[in-house]
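A closer look at the structure
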Amino acid sequence: MKALVYNGPGSIEWTDRPDPKIEQDTDVIIKVTTTTLCGSDLHVIKGGVATAPHGTVLGHEGVGIVQEVGRSVTHVKPGDRVLPTCVTACGFCRFCTAGQYGQCLNGGWALGHYIDGLQAEYARIPFAQNSMYRIPDSLTDEQVLFLTDILPTGFEVGVLRGNVKPGDTIVIVGAGPVGLSALLTAQLFSPANIIMVDFIESRRQKALELGATHAVHPDNAKDLVNELTDGLGADVTIEAVGFPAAFELVTDLIRPGGNIANIGVHEGPASLALETLWAKQITLTTGIPSALTVPQLMKAIESGKLDATKFISHRMPMSDMMKAYDTFKNAADTNALKVVLTNS
């Protein structure tokens, strides 16, 4: 099969790899029909994720058709269209039994990280009983593709951990795909103001199209928040970039008693201004998703209340994987949000 392989910092190639095979009774082999690229993949390629071995097939966002199932897998069968989640959950470790699938001691963020992922023609999905959902016939690949990662990430790590409530003023720093996923899913809770903050004008415009009440350059964020909140600060701030300046901005914009939710993948340290925050009774959360909200988000998509296909900026055949990466990593010039690739 063909696959996108990480060969070390700055080096990837679209090349031949052996087809995956069942290794454990809990595995499923799928033909990947649709996949996409993620900012986390760029972090790996830059060398910012030291735990990713050289030679790994990248990708943790993709859907496909079951080819073969291990003996312990009972909920899907060959021919089913399926959605593997970005986190792998064994179901029995200390963290899985607490519903913290992202922290699974035998999985977690495994696909495209320390085991081969979904930017390939075929993929092996471990612990499929806990890490895979059937796709309803009524939904297309593109409609459910972002349930593999960015929608549950924005919803669980941003909106739910940020405790967004009706009438809130919330700030989301970073209008990339994850920040926009937080924007879409935050609207399910009817906040009064959703302020998107980004350097790139095209992304601010996209945020307004998707339901943000305001979209501003970082230099103007504090004045706007103060204007909307009578100087109190935002009820919830969400960091969806992974850079120190973005994290420091969300801590600066929060009101006393507010909630800061960090989603961004950070490669280095960021400052936490405890000299100004120590008495403010803030709550700060971090993490990756469990993907346990996939069924409810899928129902929202089926009902028409949630549509993330608007994130798709480019469509290509899977054979154009290298071109897709060039497009995605130069988003400031190409206006790329989500580049979707299909396996014909």
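That block above? That's the structure.
Reference entry: report on the structure contained in this document. The shown structure was predicted, so the numbers you read here are calculated from the model rather than taken from an experiment.

1. Points about the sheet that holds strand 11 (residues 214-216)
Strand order in the open sheet formed by six strands is 11-10-9-12-13-14, with parallel pairing between adjacent strands. The strands lining the two open edges of the sheet, one partner per strand, are strand 11 and strand 14 (283-285). Averaged over all pairs of adjacent strands, the angle between their axes in this sheet comes to 15 degrees, without regard to strand direction. Strand direction decides the pairing type here: strand 12 (residues 234-239) and strand 13 (residues 254-262), joined by five bridges, are parallel. Bridge pairing in strand 13 links Ile-238 to Ala-261. Here helix 5 (residues 177-186) sits on the sheet in contact with strand 9 (169-173), strand 10 (193-197) and strand 12, set at roughly 175 degrees to strand 10.

2. Thoughts on the environment of Leu-277
Relative to the elements of secondary structure, Leu-277 occurs in helix 9 (residues 274-277). The exposure class assigned to Leu-277 is buried, which follows from its relative accessible area of 4%. If we ignore the near neighbours within four places in the chain, the residues touching Leu-277 are Thr-251, Ile-254, Leu-272 and Ile-282.

3. As for the pattern of salt bridges
In this structure the tally under the stated criterion is 17 salt bridges. Ionic pairing is found between Lys-46 and Glu-267, a salt bridge with its closest N-O pair at 3.4 Å. Note that Lys-46 is positioned in the loop between helix 1 (39-45) and strand 4 (56-57) and Glu-267 in the loop between strand 13 and helix 9, a separation of 221 residues in sequence. Note that Arg-134 is salt-bridged to Asp-80, the shortest N-O span being 3.7 Å. Note that Arg-134 is positioned in strand 8 (residues 132-134) and Asp-80 in the loop between strand 5 (62-69) and strand 6 (81-84), a separation of 54 residues in sequence. Among the residues examined, Asp-80 registers a relative accessible area of 7% and is labelled buried. Within the structure, one salt-bridge network assembled from shared partners comprises Glu-23, Asp-27 and Arg-124.

4. So, helix 5
In terms of burial, helix 5 is a largely internal element, ten of the ten residues being buried. Within the sequence span of helix 5, burial applies to Pro-177, Val-178, Gly-179, Leu-180, Ser-181, Ala-182, Leu-183, Leu-184, Thr-185 and Ala-186.

5. Re the side chain of Thr-33
Here Thr-33 lies in strand 3 (residues 28-36). Thr-33 gets classed as buried once you look at its relative accessible area, which sits at 16%. Reaching out from Thr-33, the side chain makes a polar contact with the side chain of Asp-141 at a distance of 2.7 Å. In this view, Thr-33 contacts Val-63, Gly-64, Ile-65, Asp-141, Leu-341, Thr-342 and Asn-343; residues no more than four positions away in its chain are not counted.

Rules used in this analysis
Residues numbered from 1 in each chain as written. Predicted model: local features only at pLDDT ≥ 70, side-chain atom pairs only at ≥ 80, totals over all residues. Heavy atoms only, no water. Pairing = 2+ DSSP bridges. Helix = DSSP H or I, 4+ residues; strand = E, 2+ residues; numbered from the N terminus. Axes fitted to C-alpha atoms, helices over the stretch in contact; angles between N-to-C directions. Contact = heavy atoms within 4.5 Å. Buried < 20%, exposed > 50% of the residue type's maximum accessible area, 1.4 Å probe, protein only. Salt bridge = Lys/Arg side-chain N within 4 Å of Asp/Glu carboxyl O. Polar contact = N/O pair within 3.5 Å; in protein donor to acceptor, adjacent residues only side chain to side chain.

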